Amino acid sequence: MPIDARIAKDPSGAERRGQPRSAVELDAHVREMGTTGTEARVLNISSDGFMAETSTEHEVGARVWLILPGRERASAIVRWTAAGKLGAQFAEPLSEESLAQIGG
């Protein structure tokens, strides 16, 4: 069964993920500029990015806000989408303090 995936290509072929991700299960909200957004479930997170399940389609390259309840929102760029999930890279890395609060 083929997987419908859209992935931003790295011309060098190198691993794009800079930091290892921590597995989490966090309720969140993901929204693009000019939209109301949608509920999401963050499955992993690092200082550089996150993966989340969401029912909304996002285009690779879209700018989104990740909003975790009780925490600041974080701007990110969608790097890939597949089967109801997306992977995004934060515009500014999260601090170690922010990650500790999240549990990542």
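Residues numbered from 1 in each chain as written. Predicted model: local features only at pLDDT ≥ 70, side-chain atom pairs only at ≥ 80, totals over all residues. Heavy atoms only, no water.

In the annotation of an unreviewed UniProt entry, the protein is listed under the name PilZ domain-containing protein and assigned to Sphingomonas glaciei.

(A) Structural context of the environment of Leu-99. With respect to the helices, strands and loops of the structure, Leu-99 is situated in helix α1 (residues 96-102). Leu-99 gets classed as buried once you look at its relative accessible area, which sits at 7%. Along the primary structure Leu-99 and Ser-22 are separated by 77 residues, whereas in three dimensions their C-alpha atoms are 9.5 Å apart. (Helix = DSSP H or I, 4+ residues; strand = E, 2+ residues; numbered from the N terminus. Buried < 20%, exposed > 50% of the residue type's maximum accessible area, 1.4 Å probe, protein only.)

(B) Looking closely at the packing of aromatic side chains. Tallied over the full model, the rule gives one aromatic pair. Aromatic pair Phe-50 and Phe-90: ring centres 5.5 Å apart, planes at 35 degrees, arrangement tilted. Pair noted here: Phe-50 is in strand β4 (residues 49-54) and Phe-90 is in strand β7 (residues 85-90), with a separation of 40 residues, a long-range link. What makes Phe-50 buried here is its relative accessible area of 0%. Against the face of Trp-65 rests Arg-73, its NZ or CZ located 4.1 Å from the ring centre. (Phe/Tyr/Trp six-rings, centres within 6.5 Å; stacked < 30°, edge-to-face > 60°. Lys NZ or Arg CZ within 6 Å of the ring centre and 35° of its normal.)

(C) Structural detail: the pairing of β4. Taken across its six residues, β4 has five buried, putting it largely inside the fold. Bridging between strand β3 (residues 38-45) and β4 involves five bridges; their strand directions are antiparallel. Counted as the bridge partner of Ala-40 is Thr-54 from β4. Taking the residues that link successive antiparallel strands as the turn, the β3-β4 hairpin has three residues. Where β4 and β7 come together, five bridges link them in antiparallel fashion. Within the sheet, the bridge partner assigned to Ala-52 lies in β7 and is Leu-86. (Pairing = 2+ DSSP bridges.)

(D) Inspection of unusual backbone geometry at higher detail. The phi dihedral of Ala-83 is positive, around 45 degrees, even though this residue is not glycine. Accessibility expressed as a relative area gives 72% for Ala-83, which makes it exposed.

(E) The pattern of salt bridges, seen in detail. This model, assessed by the stated rule, comprises two salt bridges. A salt bridge links Glu-25 to Arg-41; the shortest N-O distance between them is 3.1 Å. On the criterion of sequence distance, the pair formed by Glu-25 in strand β2 (residues 22-32) and Arg-41 in strand β3 is long-range, its members being 16 residues apart. Owing to a relative accessible area of 60%, Glu-25 belongs among the exposed residues under this scheme. (Salt bridge = Lys/Arg side-chain N within 4 Å of Asp/Glu carboxyl O.)

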